[in-house]
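# Per-entry structural report
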Amino acid sequence: MSPFRRWPTAGTGGGRPIRRLHAEKRGLRCLGIAESFAPRARTSTLAGVVMRRDGAVDGAVMGASTVSGSDATDSIASMHARLGRSDVSLTMVSGLVISMYNTVDVARLARLTGAPAIAVTWRESAGLEGAIRRHFAKPAAKLAECAALPRREAVRLRTGHTVLIARAGCPLDGARAALDAFTTHGAVPEPIRVARALARAVARR
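Keep in mind that what you see is a predicted model, and the values were worked out from it rather than measured.

What counts, and where the lines are drawn
Residues numbered from 1 in each chain as written. Predicted model: local features only at pLDDT ≥ 70, side-chain atom pairs only at ≥ 80, totals over all residues. Heavy atoms only, no water. Helix = DSSP H or I, 4+ residues; strand = E, 2+ residues; numbered from the N terminus. Expected span 1.5 Å × (residues − 1). Buried < 20%, exposed > 50% of the residue type's maximum accessible area, 1.4 Å probe, protein only. Contact = heavy atoms within 4.5 Å. Pairing = 2+ DSSP bridges. Axes fitted to C-alpha atoms, helices over the stretch in contact; angles between N-to-C directions.

## Some points on helix α6 (residues 190-204)
Under the 1.5 Å per step criterion, the end-to-end length of α6 is 21 Å for 15 residues, consistent within 8% with the ideal 21 Å. Residues E190, P191, I192, A195 and A199 constitute the buried set of α6. Considering only its buried residues, α6 is in contact with β3 (29-36), β4 (43-52), β6 (90-94), β9 (117-121) and α5 (172-182).

## As for the sheet that holds strand β5 (residues 57-66)
Overall, mixed pairing links the seven strands, which are arranged β5-β4-β3-β6-β9-β11-β10 in an open sheet. The open sheet is flanked by β5 and β10 (153-156), the only strands paired with a single partner. Geometrically, the sheet is characterised by an average inter-axis angle of 30 degrees between neighbouring strands, direction not taken into account. Summarising the sheet, β3 and β6 pair through four bridges and their orientation is parallel. Residue pairing for β6: C30 is matched across the bridge by L90. Sheet contacts for helix α2 (residues 106-113): β6, β9 and β11 (162-168); angle to β11, the most-contacted strand, approximately 55 degrees.

## A look at helix α1 (residues 72-83)
Because an α-helix completes one turn every 3.6 residues, residues spaced three or four positions apart along the sequence face the same direction. For α1, which comprises twelve residues, the first-to-last C-alpha distance of 17 Å matches the rise-based estimate of 16 Å (1.5 Å per residue) to within 8%. For α1, the complete set of buried residues consists of A72, T73, S75, I76, A77, M79, H80 and L83. Of the residues trailing α1, G84 is marked for its positive phi of about 65 degrees.

Below is the structure:
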């Protein structure tokens, strides 16, 4: 059986076949992405951490996205490309809307990287439309971006906590198994937790 599968290609931009996610494999590796930015900053610091299933970190990469911009997906894909790691099975992003309304298109991210993508969130986005209307002088384009975001699904982890995810390139059962593989306690997967710490440390500089 081919290790690749062509998943639906909704959205814009090119892409390549997306590798199947084998969450049961001992050699499973995840690229965790998280950000940190100051209230008046123009850019947000992005950090990426490659973590093995056993918790070992064996790669890291830095990037940036524009606060209130529309480049988050491309920035994360660029980080993935700069790593040059064909063994990364999954990209896991902290948030679906980051850097003050910079949206992450998980379907396009999966196509650009060739690996399944999961955006993990921890609460509902109540009031997002109103916040965008207040933040942007011309909110129409940003409202359209947010309206195109995929429906999030609730996933109960083996730790007993529930997260909300948007996924592309993998079935729900596979996403749940991958989250369980990388979440040792609480509700934050370890690749994201470590990436957050790295992003904050770099941003403080």
